[in-house]
Amino acid sequence: MERLVRQAGYGGDEPLVVGLQRHREPPIFHVQGLTPGTPVYAASLSKQMTAALIALLAREGVLDVDGPLSGHLPELPAWAGGVTPRHLLHHLAALPPDSLLDAVLTGDRTTQGVLRALTGFADLPGVPGTAYAYSNAGYVCLAAAAERAAGRPLPELARDRLFAPLSMRGTRFWPGPAPAPPGAAPLSPRHPAPLSLGDGGVWSTAADLLRWGQALNADELGVSELLHTPGRLADGTRTDYAWGVGLRSHAGHRVHRHGGGWPGLRAQHARLPDLGWSIVLLATADDTERHIELVRLVLDEVTAAAAGTCP
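Computed from a prediction, not measured in an experiment: that's the story for all the values here.

What counts and how
Position labels on residues start from 1 in each chain and follow its written sequence. Side-chain atom pairs in this predicted model are given and counted only at pLDDT of 80 or more, local residue features only at pLDDT of at least 70, and totals for whole chains, interfaces and linings cover all residues. To get the side-chain values, all heavy atoms of the structure are used, and hydrogens and water are removed first. Criterion for a salt bridge: a side-chain nitrogen of Lys or Arg within 4 Å of a carboxyl oxygen of Asp or Glu. The cut-offs for exposure are 20% and 50% of the maximum accessible area for each residue type, with area from a 1.4 Å probe on protein chains only; residues under the lower value are buried, those over the upper are exposed, and the others partly exposed. Elements are defined by DSSP. Helices are runs of H or I of four residues or more, strands are runs of E of two residues or more, and each kind is numbered from the N terminus. A pair of strands is considered paired only if DSSP assigns at least 2 bridges between the two. Here a cavity is any set of points on a 1 Å grid over the protein atoms alone where a 1.4 Å probe fits but cannot get out, and a pocket is any open set with protein on both sides within 12 Å along at least 5 of 7 lines; a residue lines the site when it has an atom within 4 Å of a point. Grid points are joined across faces, edges and corners, and a volume is the space filled by probe spheres set on the points. Polar here means any residue outside two lists: the nonpolar Ala, Val, Leu, Ile, Met, Phe, Trp, Tyr, Cys and Pro, and the charged Asp, Glu, Lys and Arg; Gly therefore counts as polar. Joining through side-chain atoms within 4.5 Å is the link that ties buried Ala, Val, Leu, Ile, Met, Phe, Trp, Tyr and Cys residues into a set, and such a set is a nonpolar core. Contacts between residues were defined by any pair of non-hydrogen atoms, one from each residue, lying within 4.5 Å. A helix's residues, less one, multiplied by 1.5 Å, set its expected span. Each axis is a line fitted through C-alpha atoms, and for a helix only the stretch in contact is used; angles between axes span 0 to 180 degrees, taken between their N-to-C directions.

1. Structural notes on the pattern of salt bridges
- What the rule picks out here adds up to 20 salt bridges.
- For glutamate 156, the salt bridge identified is with arginine 152, shortest N-O distance 2.9 Å.
- Linked by salt bridges that have partners in common, Arg152, Glu156, Arg159 and Asp160 make up one network.

Below, the structure written as structure tokens:
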């Protein structure tokens, strides 16, 4: 693991933790300045947890993913009547670009701040279902819809439905008001983590994220098939984004992965369900794309081992 970290370009003094686990075997970690139990901002890796909550509520008939978003968020403009949670899950809702929303948030990066910003757009820039456009705001809407459908705050809902059952004791959705939960690896004071939930908001550990990956590989929540269902445009065209996870391949094996980023933070989570592997990378002083190369190198190693071609 150390060889791969250096090959990807990370120095020995850069804080990061890389974890690797197959099935329920003991995990392997490479640590620099962090530990496998250090809570770190998970950024967009949170979308997997948000999507899993939506899947559980949908399975139980509490939330209709094909119903109008306006049924849960009536304060949004009329366009919410033509947007569904399924559109939001697959980034097909044609919401205003995040860059436009950021311009009007005026520093209020909370769930309520994002919803208020959305109410300022009387029309959508496109037609829902016709094009893929990654949207953080869409996952904020999903989290708010989950809260209202379940009648419970999202941090409490996620604790009871996801994190406690999977023994992810170091993981939580954090709504503030402090910029980080107690004991977490701090981000730069100039760039505190946003307090919106759904698009981000999860603070987790490398050990817990490996546990999350194995739970999805083994379908412990009973919704893995749904979570890995690709999105489809209105004309039937398949996309490579499922429910909070990207659908990829590597050396002929399925890969489910997602990244996360914030100033001074890079995160990656990847799984090879056919081989039972889960991979996580958290770097707390990184603004580069080296994390992508490092995960690729790890994927090379584990798929070569499976093929019996490791050097």
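2. Quick look at the pairing of strand S7 (residues 253–262)
- Across the ten residues that make up S7, a large majority, seven, are buried.
- Alignment of strand S6 (residues 246–250) against S7, held across five bridges, turns out to be antiparallel. Each residue of the ladder has a partner; that of serine 249, found in S7, is arginine 254.
- If you look at the hairpin formed by S6 and S7, you'll find two residues sitting between the two strands, and alanine 251 has a positive phi there, around 55°.
- The hairpin turn running from S7 into strand S8 (residues 265–272), its antiparallel successor, is two residues long, and glycine 264 in that turn takes a positive phi close to 85°.

3. Things to note about empty space enclosed by the protein
- Across all of its chains, the model carries two cavities of 30 Å³ or more by this definition.
- Here the lining of the largest cavity is composed, by residue class, of six nonpolar, four polar and no charged.
- Gln48, Leu216, Leu227, His228, Trp243, Gly244, Val245 and Arg271 together form the lining of the second largest cavity.
- Split by residue class, the lining of the second largest cavity holds four nonpolar, three polar and one charged.

4. Observations concerning the nonpolar core
- With 77 residues, the main nonpolar core has Met49, Leu69, Leu118, Leu162 and Trp212 as its most contacted residues.
- Looking at this core element by element, the count peaks at nine residues for helix H6 (residues 136–150).
- When sequence neighbours within four positions are dropped, the list of residues in contact with leucine 69 reads Leu76, Ala80, Val83, Thr84, Leu88, Cys141 and Ala145.
- Counting residues in hydrophobic clusters, the runner-up holds 21 residues, among them Leu4, Val255, Leu275 and Leu297.

5. Digging into helix H8 (residues 206–217)
- The end-to-end C-alpha separation of H8 is 17 Å, in line with the 16 Å expected for twelve residues at 1.5 Å each.
- With respect to burial, H8 is a largely interior element, ten of its twelve residues being buried.
- Among all positions in H8, only Ala206, Asp208, Leu209, Leu210, Arg211, Trp212, Gly213, Gln214, Ala215 and Leu216 are buried.
- Aspartate 219 sits one or two residues past H8 and shows a positive phi near 55°.

6. A short note on the environment of alanine 51
- Summarising the element assignment, alanine 51 is placed in helix H2 (residues 46–59).
- Judged by relative accessible area, which is 0%, alanine 51 ranks as buried.
- Separated by 62 residues in sequence, alanine 51 and glycine 113 have C-alpha atoms that sit 21 Å apart.
- Apart from the residues within four sequence positions on either side, alanine 51 is in contact with Leu89, Tyr139, Leu227, Trp243 and Gly244.

7. Description of the sheet that holds strand S2 (residues 28–32)
- Strand order in this open sheet of six strands is S2-S1-S9-S8-S7-S6, and the pairing throughout is antiparallel. The sheet is open, and its two borders are formed by S2 and S6, each paired with just one other strand. Averaged over all pairs of adjacent strands, the angle between strand axes in this sheet comes to 15°, irrespective of strand direction.
- Here five bridges tie strand S1 (residues 16–22) to S2, and the two strands are oriented antiparallel to one another. For valine 17, the partnering residue across the bridge sits in S2 and is valine 31.
- Relative to S8, helix H10 (residues 290–307) is tilted by about 20°, and along the sheet it contacts S1, S6, S7, S8 and strand S9 (277–283).

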